[in-house]
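Architecture and fold: a report
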Amino acid sequence: MTDNIDDKVINLFKKSSDIEDNKEQRFFKGFQYVKLTKDDNGNYFKEDSLREYAQKTYYIVSVMRNNGLSAAIYKYKVPYNSLLDFLIFFKNDSSCGEIIDIERYIPEDLA
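Residues numbered from 1 in each chain as written. Predicted model: local features only at pLDDT ≥ 70, side-chain atom pairs only at ≥ 80, totals over all residues. Heavy atoms only, no water.

Details of the pattern of salt bridges
The tally for this structure, following the rule as stated, stands at 3 salt bridges. Across the pair Lys56 and Glu52 runs a salt bridge, and its minimum N-O distance is 3.4 Å. Note on Glu52: relative accessible area 49%, which makes it partly exposed. The residue Glu103 makes a salt bridge to Lys75 at a minimum N-O spacing of 4.0 Å. You can see Glu103 sitting in strand S5 (residues 98-105) and its partner Lys75 sitting in strand S4 (residues 71-79), a full 28 residues away along the chain. (Salt bridge = Lys/Arg side-chain N within 4 Å of Asp/Glu carboxyl O. Buried < 20%, exposed > 50% of the residue type's maximum accessible area, 1.4 Å probe, protein only. Helix = DSSP H or I, 4+ residues; strand = E, 2+ residues; numbered from the N terminus.)

Looking at unusual backbone geometry
At Lys29, a position not held by glycine, the phi torsion is positive, near 50 degrees. Note that Lys29 resides in the loop between strand S1 (26-28) and strand S2 (31-33).

Section: the sheet that holds S5
Pairing between the strands of a sheet comes from backbone hydrogen bonds, and it takes one of two forms, parallel or antiparallel. Within the open sheet, the 3 strands sit side by side as S4-S3-S5. Their pairing is antiparallel. Each edge of the sheet is formed by a strand with only one pairing partner; in this case those strands are S4 and S5. Sheet twist, expressed as the average angle between the axes of neighbouring strands with direction ignored, equals 20 degrees. Pairing of strand S3 (residues 58-66) with S5, which is carried by 7 bridges, proceeds in the antiparallel orientation. Residue pairing in the sheet places Tyr58 in a bridge with Tyr105 of S5. (Pairing = 2+ DSSP bridges. Axes fitted to C-alpha atoms, helices over the stretch in contact; angles between N-to-C directions.)

What to know about the layout of surface pockets
Within this model, the largest pocket holds a volume of roughly 240 Å³. For the largest pocket, the full set of lining residues is Asp39, Asn43, Tyr44, Phe45, Lys46, Ser49, Leu50, Tyr53 and Arg104. Counting residues per element, the lining of the largest pocket draws most heavily on helix H2 (residues 47-55), at 3 residues. Taken together, the residues of the lining of the largest pocket sort by class into 4 nonpolar, 2 polar and 3 charged. (1 Å grid on protein atoms, 1.4 Å probe; cavity = no way out; pocket = protein on both sides within 12 Å on 5 of 7 lines; lining within 4 Å. Points joined across faces, edges and corners; volume = space filled by probe spheres on them. Nonpolar A, V, L, I, M, F, W, Y, C, P; charged D, E, K, R; others polar.)

Digging into the confidence of the model for the protein chain
Confidence along the protein chain averages 81 in pLDDT terms, with 74% of residues attaining 70 or more. Within the protein chain, no element has a lower average pLDDT than helix H1 (residues 17-22), which sits at 42, and none a higher one than S4, at 95. The low-confidence segment residues 17-23 (pLDDT under 50) makes 4 contacts with residues lying over four places distant or belonging to another chain. (pLDDT = per-residue confidence, 0-100. Contact = heavy atoms within 4.5 Å.)

Some words on the nonpolar core
One finds Tyr59, Val61, Val63, Val78, Leu83, Phe86, Phe90 and Cys96 forming the largest nonpolar core, which totals 8 residues. Elements supplying a minimum of two residues to this core: S3 and helix H3 (83-92). Residues contacting Val63, with those up to four places away along its chain left out, are Ala72, Ile73, Tyr74, Tyr76, Phe90, Cys96, Gly97, Glu98 and Ile99. (Core = buried A, V, L, I, M, F, W, Y, C linked by side-chain atoms within 4.5 Å.)

This is how it looks when you write it as structure tokens:
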């Protein structure tokens, strides 16, 4: 039996009748967000655990650069504590390329 991967993906920002009825769509400075207070097991999040997890996480940032006749993609492995500085660098110096994707990278030994 094959599983359709789309069946397992949850769109957190999909409009539903519950959200529309309760007007629970929330925005912060023009950006839509969803508030999560529990993990997949129903346990409340703990600040220390979330910080420890974040410190071990990296982000793969894909940057497109024009190399004369064509474009190239550069992938940077950026630690959590340097991500904001990295993003600001590209915001302030557009000649270095254009960020086209950011994905979270979790080392395999991280549980």
